[in-house]
Structure formats: structure tokens, C-alpha cells
Amino acid sequence: MCLQENTLSAPAAFVMKEAVQCLCEGGSSCTREDPARQKGPNAVPGLHSNWVGQHVLAMARPWQDNVITYNLVNKFKELNIGMIINLQEVRRNRSCKLAGH
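Bear in mind that the values here come from a model prediction, so they are computed numbers and not experimental data.

K.L.:
Talk me through the overall build of the protein chain; I want residue IDs and the actual numbers.
P.N.:
Within the protein chain, the regular secondary structure consists of three helices and two strands. For the protein chain, with 101 residues in total, the buried portion stands at 27%. Put simply, 52% of the contacts in the protein chain that link residues at least 6 apart link residues at least 24 apart. Entry remark: accessible area of the protein chain is about 7400 Å², with carbon and sulfur atoms responsible for 57%.

See below:
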């Protein structure tokens, strides 16, 4: 059964999609955001990230603790990163409760 998102079913579809996705990604042991659990080196230390083109950096949302610890704002400036676009859905992964959020 496929839930189509409309005015009435959108909240239920979102909750169901988040629950299934978080279960599949590991919940509190999620490997999608933790820089230390990334396969291969981080493109930016302290940030789950990879260069996907000469000028495009794909990354998970930065953890607030790591923004400070790794001085990520200055690192972005050094790498000439002038814009970050967040494509994450509102409240996505809110139940993962990973440290540093």
C-alpha cells in the first residue's frame, strides 16, 4: 500500500516514512550523520561529507558541537564555501537523538 501525501494523510505518511527510515538507518547508531562513522575520510574534518564535484560538497547537517570544535565556519570560508542549502525535510531525524544536535 502506498500512502499518497495529501492534506489529511501527509502527517501520517511523514511519521511512517520517518519511522521506517530511522529504523533502516540505525536509530541512535545512525551512520548517516556521524562523521566518525563515515566510510572513508571526511572531506571536511568533523563533518560527514564528500566532494561530489569540483565545486559541490555533499554533507550531513553539521552537529553544533562539531561546528565549534572543528571551527567549521572558518573551514567553510577556507574552502570558499559560500552557500549551504539544506534539503532535509522539516523535523526529519528528530527521533535519532544523536549527540551534538
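Don't stop here, the text continues.
K.L.:
Run through the nonpolar core, naming residues and quoting values.
P.N.:
Membership of the largest hydrophobic core is limited to five residues, which are Val-44, Leu-47, Leu-57, Leu-72 and Phe-76. Contact partners of Leu-57, with chain neighbours within four places excluded, come to Ala-43, Val-44, Ser-49, Asn-50, Trp-51 and Ile-81.

K.L.:
An account of unusual backbone geometry is requested, with residue identities and associated values reported.
P.N.:
Phi is positive for Asn-71, close to 50°, though the residue is something other than glycine. Mapped onto the elements, Asn-71 comes out in the loop between helix H2 (64–69) and helix H3 (72–78). Residues other than glycine seldom take positive phi values, yet Asn-80 does so here, at roughly 60°. Residue position: Asn-80 is located in the segment after H3.

K.L.:
Break down a nonpolar patch on the surface for me, citing the residues and quoting the values.
P.N.:
Taken together, the side chains of Met-83, Ile-85 and Leu-87 present a nonpolar region at the surface, about 410 Å² in accessible area. Within the fold, Met-83 resides in the segment after H3. Of the residues examined, Met-83 reaches a relative accessible area of 62% and is grouped as exposed.

What counts as what
- Here, residues in each chain are numbered from 1, in the same order as that chain's written sequence.
- In keeping with the predicted nature of the model, local features appear solely for residues at pLDDT of at least 70, side-chain atom pairs appear and are counted solely at 80 or more, and the whole-chain, interface and lining totals rest on all residues.
- By convention in this description, side-chain values take in all heavy atoms of the structure and omit both hydrogens and water.
- Labels follow the DSSP assignment, with helices taken as runs of H or I lasting at least four residues and strands as runs of E lasting at least two, numbered in each case from the N terminus.
- We call a residue buried when its accessible area falls under 20% of the maximum for its residue type, exposed when it is over 50%, and partly exposed in between, using a 1.4 Å probe and counting protein chains only.
- We call two residues contacting when some pair of their heavy atoms lies within 4.5 Å.
- Only the protein chains shown count as cover for residues, and all accessible areas are computed by the Shrake-Rupley method using a 1.4 Å probe.
- Nine residue types can take part in a nonpolar core, namely buried Ala, Val, Leu, Ile, Met, Phe, Trp, Tyr and Cys, and a core is a set of them joined through side-chain atoms within 4.5 Å.
- Patches draw on residues past 30% relative accessible area with no salt bridge. Two like charges within 9 Å are joined, as are two nonpolar side chains (Val, Leu, Ile, Met, Phe, Trp, Tyr) within 5 Å.
- The working definition used for a salt bridge is a side-chain nitrogen of Lys or Arg within 4 Å of a carboxyl oxygen of Asp or Glu.

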